[in-house]
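# Secondary and tertiary structure notes
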Amino acid sequence: MLRMESVTRHYTLRGRKVRALENVTLEIPRGDFVSVVGPSGSGKSTLLLTLGGMLSPAAGRVMLDGQSVYELTSEDRARLRRSKVGFVFQTFNLVPYLSALENVQIPLYLNGMAPAEQTRRAASLLEQVGLGDRLDHKPSELSVGQQQRVALARMLANDPAVILADEPTGNLDPETGETVLGFLEQLSREGRTVVMVTHDMRAARRARRILKLVDGTLSNGRHPSPRAG
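Our focus in this paragraph is the sheet that holds strand β8 (residues 193–197). Within the open sheet, the six strands sit side by side as β6-β7-β8-β3-β9-β10. Their pairing is mixed. The outermost strands of the open sheet, each flanked by one partner alone, are β6 (85–89) and β10 (217–218). In this structure, strand β3 (residues 33–37) lies alongside β8, joined through four bridges in parallel fashion. In the sheet register, V34 faces β8, and the bridge partner there is V195. Sheet strands touched by helix α5 (residues 144–155): β6 and β7 (162–166). Its angle to β6, the strand with the most contacts, is close to 170 degrees. Strand contacts of helix α6 (residues 174–189): β3, β7 and β8, with the helix running at about 150 degrees to β8, the strand carrying the most contacts.

Tallied over the entire structure, the rule returns twelve salt bridges. Two residues, R120 and E117, come together in a salt bridge whose shortest N-O distance is 2.7 Å. Taken as a pair, R120 and E117 lie in helix α4 (residues 115–128) at a separation of three residues, close to a single helical turn. Of the residues examined, R120 reaches a relative accessible area of 46% and is grouped as partly exposed. Among the residues examined, E117 registers a relative accessible area of 32% and is labelled partly exposed. Here R206 makes a salt bridge to E178, at a shortest N to O gap of 2.8 Å. Residue R206 is located in the loop between α7 (201–204) and β9 (209–214), and its partner E178 is located in helix α6; the two are separated by 28 residues in the primary sequence. With a relative accessible area of 10%, R206 lands in the buried category.

What follows concerns the packing of aromatic side chains. The full count for this structure, using the stated rule, is one aromatic pair. Between F87 and F89 the ring centres are 5.7 Å apart and the planes differ by 5 degrees, which places this aromatic pair in the stacked class. Judged by its relative accessible area of 18%, F87 falls in the buried class. On the basis of relative accessibility, which here comes to 25%, the residue F89 falls in the partly exposed class.

Of note in the backbone geometry, N93 takes a positive phi value of approximately 60 degrees without being a glycine. By the element assignment, N93 lies in the loop between β6 and α3 (100–110). If you check the backbone angles, D215 has positive phi at about 50 degrees while not being a glycine. The topology assignment puts D215 in the loop between β9 and β10.

Time to look at the sheet that holds strand β2 (residues 16–28). Spatial strand order, β2-β1-β4-β5: four strands in an open sheet with antiparallel pairing. Sheet topology places β2 and β5 (67–68) at the edges, where each strand pairs with a single neighbour. Where strand β4 (residues 59–64) meets β5, two bridges bridge the pair, whose relative direction is antiparallel. Counterpart to M63 in the pairing with β5 is S68.

Rules used throughout
- Throughout this description, residue numbers start from 1 for each chain and increase along the sequence as written.
- Since the coordinates come from a predicted model, pLDDT governs what is reported: local features require at least 70, and pairs of side-chain atoms require 80 or more to be given and counted, while whole-chain, interface and lining totals use all residues.
- Side-chain metrics rest on all non-hydrogen atoms present in the structure, leaving aside hydrogens and water.
- In this scheme, strands are said to pair when DSSP sees at least two bridges between them.
- Where helices and strands are cited, they refer to DSSP runs of H or I of at least four residues and of E of at least two residues respectively, numbered from the N terminus.
- Residue contacts follow a heavy-atom distance rule, with two residues in contact if any of their heavy atoms lie within 4.5 Å.
- As a rule, the C-alpha atoms of each element are fitted with a line to give its axis, helices using only the stretch in contact, and angles between N-to-C directions run from 0 to 180 degrees.
- What makes a salt bridge here is a side-chain nitrogen of Lys or Arg within 4 Å of a carboxyl oxygen of Asp or Glu, nothing more.
- Only protein chains enter the area calculation, which uses a 1.4 Å probe; residues under 20% of their type maximum are buried, those over 50% are exposed, and those in between are partly exposed.
- What counts as a ring pair is set by centres within 6.5 Å for rings of Phe, Tyr and Trp (its six-membered ring), and what kind of pair is set by the plane angle: stacked under 30 degrees, edge-to-face over 60, tilted for all other angles.

Rendered as structure tokens:
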């Protein structure tokens, strides 16, 4: 489903060469839930963006459903992202002057869905994440946890097969973070592939596999110990 083959990417920061990814090979089957951990600056976000077709590697290939992502034209790559990949970010990236409903409609509008169908699907998704009574609220009128749930609903708008989550619980209180992790687990059970970058080992252990990235080098994954209770 999702594969990296000998992927390398370096960049320069303040005159120093940083190894973001160093000859990384990784295979993630359909429906897997993988967490990626590592120290700050280890390349975790670079890994996620490269998997999602947002950041081209200097060497190597990224494969999604048998397609070599970076051998596509930029237009075809954008189309692939819209149809198959959903992103969840720590900062939510909601449009502040749009309502929750309108924020969720954005990817549907970009995919050319009819307006009435946009409204129906966006409302249904917000209902699924417990915000059916907040459709007309702008981000500033929602709690931080509610904003993250709007971001989750928007991510699901085009029914992506792959979900890439960058510190999805980083700005959340423990209870709300638990809710978000529960959503990700459920999405994996439904057959979606979930890759989550996190610095929080408690969150990481909710995944089926934990991978460690240090100085651009990926260690072999391990299965987390069963959670108590």
